[in-house]
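Structure at a glance
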Amino acid sequence: RPDPLAIARQEQETADAGRPAGRARRLGAILADVRVQLALATLSVSQFVMISTTAISPLYLHDQGHAVGTIGVAVSLHLAGMYVASPLSGWLADRFGRLPVIAAGALLLIFAVGLAGLAPGTEAVPVILALFLNGVGWNLAFVAGSALLTDALAPAERASVQGFADLLMGLMGAIGSAAGGMILGLWGFAILNAVGAILVLGPLAVA
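Counting of residues starts from 1 at the beginning of each chain's written sequence and follows it residue by residue. For a predicted model such as this one, the threshold for reporting local features is a pLDDT of at least 70, and the threshold for listing and counting side-chain atom pairs is 80 or more; totals across whole chains, interfaces and linings nevertheless cover every residue. In computing side-chain values, all of the structure's heavy atoms are included and hydrogens and water are not.

A few words on the environment of E157. Strands here are runs of E lasting at least two residues and helices are runs of H or I lasting at least four, both read from the DSSP assignment and numbered beginning at the N terminus. The residue E157 is located in helix 9 (residues 155–187) in this model. Sequence spacing of E157 and R25 is 132 residues, and the spatial spacing of their C-alpha atoms is 7.2 Å. Working rule for contacts: check all heavy atoms of both residues, and any pair within 4.5 Å makes them a contact. When neighbours within four sequence positions are excluded, E157 is seen to be in contact with R23, A24, R25, I30 and A152.

Written out as structure tokens, the structure reads:
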């Protein structure tokens, strides 16, 4: 309290006072914006990699002989990593800029999937640490990517384009869940994480 959304609207009204009402660009023009392209790529790729490499982690840990308690700790710490870093991610994105934080999130995701893929499955601690860092890396990329998307849009464009971004992330999550299971079954956990690392290199290189 007060609601940040209400404050943002008041600030926008003050900034727009005396200006002609803004009009939304066509979708094609919005998608031609490099910032929008990078933001959508960051959001979708990080979502795909995070979901595909972690959704099947409980099954992988179970197959490696770990108890339900250990698996519960691993999942809990991963979920904590996904959200507990949000205030820090937002501060970093404001302090150092969107692109450096996207790059940092991508690097952390690559490190996390590399650790998960190379660590022996019978050793719980490295895998649990990798899942936690996977969540933190996703959070850095998600917060900075969302902020970059907002920066690139006029107020009249935000609701529809952010909704499109949410739809894209949902689809990537669904596809990632299915792909993660298939890759694990065909080639194993290490290859799954290697594929994730390769995919993250795209947004990292652009950022």
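Further remarks concern the nonpolar core. Counting residues in hydrophobic clusters, the biggest one holds 25 residues, and the most contacted among them are V36, V101, L149 and L153. When contributions to this core are tallied by element, the ones reaching two or more residues are helix 3 (34–54), helix 6 (86–96), helix 7 (98–118), helix 8 (124–152) and helix 9. Not counting chain neighbours up to four residues away, the residues in contact with L149 comprise V36, A39, L40, L43, V161, Q162 and A165. To qualify as a nonpolar core, a set must consist of buried Ala, Val, Leu, Ile, Met, Phe, Trp, Tyr and Cys residues joined through side-chain atoms within 4.5 Å. The classification of residues rests on relative accessible area computed with a 1.4 Å probe and restricted to protein chains. Under 20% of the type maximum is buried, over 50% is exposed, and intermediate values are partly exposed. Residues I71, A119, L184 and L192 belong to the second largest nonpolar core, which totals 16 residues.

Attention shifts here to the packing of helix 5 (residues 68–84) against helix 8. In the contact formed by helix 5 and helix 8, the axes pass within 6 Å of each other and the chain directions differ by 25°. Regarding the angle of helix 5 to helix 8, the classification is roughly parallel. Considering the relative orientation of helix 5 and helix 8, their crossing is right-handed. Here T70, V73, A74, L77, H78, G81, M82 and Y83 of helix 5 come into contact with helix 8, specifically with A124, I128, L131, F132, N134, G135, V136, W138 and N139. The classification used treats Ala, Val, Leu, Ile, Met, Phe, Trp, Tyr, Cys and Pro as nonpolar, Asp, Glu, Lys and Arg as charged, and all other residues, Gly among them, as polar. Its residues assigned to classes, the contact of helix 5 with helix 8 shows 11 nonpolar, 6 polar and no charged. Axes, fitted as lines to C-alpha atoms, cover a helix only where it is in contact. Angles between the N-to-C directions of the axes lie from 0 to 180 degrees. Relative orientations are named as follows: roughly parallel for angles under 35 degrees, roughly antiparallel for angles over 145 degrees, roughly perpendicular for angles from 65 to 115 degrees, and oblique for any other angle. By definition, any crossing whose near helix is turned counterclockwise from its far helix by less than a right angle is left-handed, and any crossing with a clockwise turn is right-handed.

The next point concerns the layout of surface pockets. The method works on a 1 Å grid over the protein atoms by themselves. A cavity is a set of points holding a 1.4 Å probe that cannot get out, a pocket is an open set with protein on both sides within 12 Å along at least five of seven lines, and residues with an atom within 4 Å of a point line them. Grid points are joined across faces, edges and corners, and a volume is the space filled by probe spheres set on the points. If you add up the space inside the largest pocket, you get close to 250 Å³. As for the largest pocket, its lining consists of L5, A8, R9, Q12, P155, R158, A159 and Q162. Its residues assigned to classes, the lining of the largest pocket comprises 4 nonpolar, 2 polar and 2 charged.

In an α-helix, one full turn covers 3.6 residues, which means residues spaced three or four apart are oriented alike. For helix 9, with 33 residues, the first-to-last C-alpha span of 46 Å sits near the 48 Å given by 1.5 Å per residue. Residues of helix 9 that are buried include every one of E157, V161, A165, M169, G173, G176, A179, G180, I183 and L184, and no others. Looking at the buried residues of helix 9, the elements they touch are helix 2 (27–31), helix 3, helix 4 (57–63), helix 8 and helix 10 (189–206). Taken from the residues just after helix 9, G188 is the one with a positive phi, measuring 105°. A helix's residues, less one, multiplied by 1.5 Å, set its expected span.

In this section: the side chain of Q47. As for its placement among the helices and strands, Q47 is situated in helix 3. In this structure, Q47 is in contact with W138, M169, M172 and G173, ignoring residues within four places of it in sequence.

What follows concerns the side chain of H78. With respect to the secondary-structure elements, H78 resides in helix 5. On the basis of relative accessibility, which here comes to 6%, the residue H78 falls in the buried class. Filtering out sequence-adjacent residues up to four positions away, H78 remains in contact with M50, T54, L131, F132, N134 and G135.

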